[in-house]
Amino acid sequence: MERQFPYKLYLVISEEACYGRDMLWVAEQAVKGGVDLVQIREKNKNYSDFLESSLRLKEMLDSYSVPLIVNDNPVVAVNCNAHGIHVGNSDIPPSEIKKKWPGCNMIGYSVEYMEQLSGTEIEFSDYLGVSPVFSTPTKTDTVTEWGLKGVEQIRTLTDKPLVAIGGINQFNAKQVIQAGADCLAVVSAICAADNPAKAAETLRNLIETA
């Protein structure tokens, strides 16, 4: 079995997702509530702004020993000394990242088509993002809405750790873990919550008792 993945609750964060609140504050509250892995996803920022945000976020996360993952930007990831990177099937492939950044600790790879599971890029990935489990306004460029049955099916086809993302909240978190996900990734369920720490704590407790 290849599922050496200690993380349970994965926050995907951006300035936009925080609706005007300070991103560092939201992230810190989430970590205090039980988030143990954080990805910064800034699709609309230029390089220098993305790097600056990543550096600030990493400094805060380091104080809690929580790893930072950068979405789809190897240059930002390397220059902020991130723990790893997450890419989709239309981004730079995991095999290329391994060549260009041999010191990368973790590569996440979004699975949007069943055919990807038999492709070679899976071998270069440390975990697979099942994306999206349920349709969500934060991810509009995806093809397959996997649902619980999709998570179950993917679980039977790979030993890679599965990180489920897309429409996950306190009402479906347990079912997604029970379907075979190792970890839950959330955006709105924490970033848009009135109390991000409490929202994270609720989700973490649901994961731990699933």
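Residues numbered from 1 in each chain as written. Predicted model: local features only at pLDDT ≥ 70, side-chain atom pairs only at ≥ 80, totals over all residues. Heavy atoms only, no water.

**Quick look at the sheet that holds strand β8 (residues 183-186)**
One closed barrel accounts for 8 strands, arranged β1-β2-β3-β4-β5-β6-β7-β8; its pairing is parallel. Neighbouring strand axes in the sheet, compared pairwise and without regard to direction, differ in orientation by 25° on average. Examined bridge by bridge, strand β6 (residues 127-130) and strand β7 (residues 162-165) share 3 bridges and lie parallel to one another. Note on β7: the bridge partner recorded for Val130 is Ala164. Sheet strands in contact with helix α1 (residues 23-33) are β1 (9-13) and β2 (37-40), and its direction is about 175° off that of β1. Along the sheet, helix α2 (residues 47-62) makes contact with β1, β2 and β3 (68-71), crossing β3 at roughly 160°. (Pairing = 2+ DSSP bridges. Helix = DSSP H or I, 4+ residues; strand = E, 2+ residues; numbered from the N terminus. Axes fitted to C-alpha atoms, helices over the stretch in contact; angles between N-to-C directions. Contact = heavy atoms within 4.5 Å.)

**Notes on the UniProt feature "binding site: 4-amino-2-methyl-5-(diphosphooxymethyl)pyrimidine" (unreviewed entry) in the chain**
The sites that UniProt annotates as "binding site: 4-amino-2-methyl-5-(diphosphooxymethyl)pyrimidine" (unreviewed entry) are Gln39, Ile40, Arg41, Glu42, Lys43, Asn71, Ser110 and Lys139. Considering the arrangement of structural elements, one finds Gln39 in strand β2. By the secondary structure assignment, Ile40 is in strand β2. Exposure remark for Ile40: the relative accessible area of 0% places this residue in the buried category. Not counting the four nearest positions on each side in its chain, Ile40 is found in contact with Ile13, Met23, Phe50, Ser53, Ser54, Leu57, Leu68, Ile69, Val70 and Asn71. (UniProt positions renumbered as here; feature names shortened; annotations may be inferred. Buried < 20%, exposed > 50% of the residue type's maximum accessible area, 1.4 Å probe, protein only.)

**Remarks on the nonpolar core**
Ranked by internal contacts, the top residues of the largest apolar core, which has 73 residues, are Ile13, Val38, Leu57 and Ile190. Here this core gets 6 residues from one element, more than from any other, and that element is α1. Excluding residues within four positions of it along the chain, Ile190 makes contact with Leu9, Leu11, Arg21, Ala30, Val35, Pro196, Ala199, Ala200 and Leu203. (Core = buried A, V, L, I, M, F, W, Y, C linked by side-chain atoms within 4.5 Å.)

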